[in-house]
Amino acid sequence: MSFGAVRQEGQGTFAVPAALWSAILLAAPFLSFAPAAAWPWGVGAALLLGVFPTVLIATLRRRCDLRLLPPSSLPPAVLGAAALAGMTQWAILWLDGPLALSAAAFGLITSAVVLMIANCFASWDWLDVSLGAGVVITAAEAYLLLPGGYGPAAAVVPAAGLGTAVALRFREAAPHHNYRFRRLAAAAAGALAGGGVFLWLLSHAR
């Protein structure tokens, strides 16, 4: 599937950003907890925040029930993921869960808020914002999860892969300069806001 196939208007799929955030959320608890305790949190967060909203919205779209949702400048799948991420914070605090997962969930919420504000004035794509945030967050997770000299080497892999995806989407929009600028601005905002919030909260969580 081309990265250009996902469009902000919400008629396409949100499978790529959902998969990206699922991977981020799956890995985050391992930064705080031992593997045995981290797995349930990671799998649960990945399914609840990454998979469930996209599957639910796809089901509602097939049934033509999306009109029942309140109006928002966020696509419905993003709105649902952000709302569930907020609820997840309470579960983490109540159950003394992994604070690194809280940092990742706040990164998702911040990225969604950036998209919501931007879409009051322009038309940004959730995929671009997610890719930008993902460059920072996945690189940080890989760096911290692997010991010794393996961490820096591992951090390059997701950062390079997602950075390439950003570059490809920038190139696809080359004939349309305004759209190309929006894609680049969205990715940069995702990296600075979503990635920055994650790194800031993570520095206090470990």
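Up top is the structure these notes are about.
Below, the structure is looked at part by part. None of these values were measured; they are calculated from a predicted model.

1. With respect to helix 4 (residues 99-118)
- The first and last C-alpha atoms of helix 4 sit 28 Å apart over 20 residues, in line with the 28 Å expected at 1.5 Å per residue.
- Counting buried residues in helix 4 gives 14 out of 20 residues, a clear majority hidden from the surface.

2. Overview of the pattern of salt bridges
- Applying the stated rule across the entire model yields 3 salt bridges.
- Here R169 makes a salt bridge to D128, at a shortest N to O gap of 2.4 Å. With R169 in helix 6 (residues 150-172) and D128 in helix 5 (residues 126-145), the pair connects residues that are 41 residues apart, well separated along the chain. Here R169 and D128 have matching classes, each one buried.
- Across the salt bridge formed by E172 and R183, the nearest N and O atoms sit 3.7 Å from each other.

3. Considering the side chain of E141
- Structurally, the position occupied by E141 is in helix 5.
- On the accessibility criterion, E141 (3% relative accessible area) is buried.
- If near-sequence neighbours (up to four positions away) are discounted, E141 is found in contact with A23, I24, A27, A28, L31 and F198.

4. Some words on the packing of aromatic side chains
- Per the counting criterion, the structure on display carries 2 aromatic pairs.
- Ring plane angle 15 degrees and centroid distance 6.1 Å describe the contact between W21 and W126, whose orientation is recorded as stacked. With W21 in helix 1 (residues 15-27) and W126 in helix 5, the pair connects residues that are 105 residues apart, well separated along the chain.
- Exposure remark for W21: the relative accessible area of 2% places this residue in the buried category.

5. Notes on unusual backbone geometry
- Positive phi, normally seen in glycine, also occurs at D96, with a value near 55 degrees.
- Structurally, D96 can be placed in the loop between helix 3 (76-94) and helix 4.
- Judged by relative accessible area, D96 falls into the exposed class, the value being 64%.

6. Describing the packing of helix 5 against helix 6
- In contact at an axis separation of 7 Å, helix 5 and helix 6 are set at 170 degrees when each is read in the N-to-C sense. The angle between helix 5 and helix 6 places the two elements in the roughly antiparallel class. Of the residues in helix 6, those in contact with L127, D128, L131, G134, V135, T138, A139, A142 and Y143 of helix 5 are G151, P152, A154, A155, P158, A159, L162, G163, A165, V166 and R169.
- Taken together, the residues that form the contact of helix 5 with helix 6 break down as 14 nonpolar, 4 polar and 2 charged.

Reading the values: the criteria
Residues numbered from 1 in each chain as written. Predicted model: local features only at pLDDT ≥ 70, side-chain atom pairs only at ≥ 80, totals over all residues. Heavy atoms only, no water. Helix = DSSP H or I, 4+ residues; strand = E, 2+ residues; numbered from the N terminus. Expected span 1.5 Å × (residues − 1). Buried < 20%, exposed > 50% of the residue type's maximum accessible area, 1.4 Å probe, protein only. Salt bridge = Lys/Arg side-chain N within 4 Å of Asp/Glu carboxyl O. Contact = heavy atoms within 4.5 Å. Phe/Tyr/Trp six-rings, centres within 6.5 Å; stacked < 30°, edge-to-face > 60°. Axes fitted to C-alpha atoms, helices over the stretch in contact; angles between N-to-C directions. Parallel < 35°, antiparallel > 145°, perpendicular 65-115°, else oblique. Nonpolar A, V, L, I, M, F, W, Y, C, P; charged D, E, K, R; others polar.

Purely geometric stuff here, so don't read any function into it on its own.
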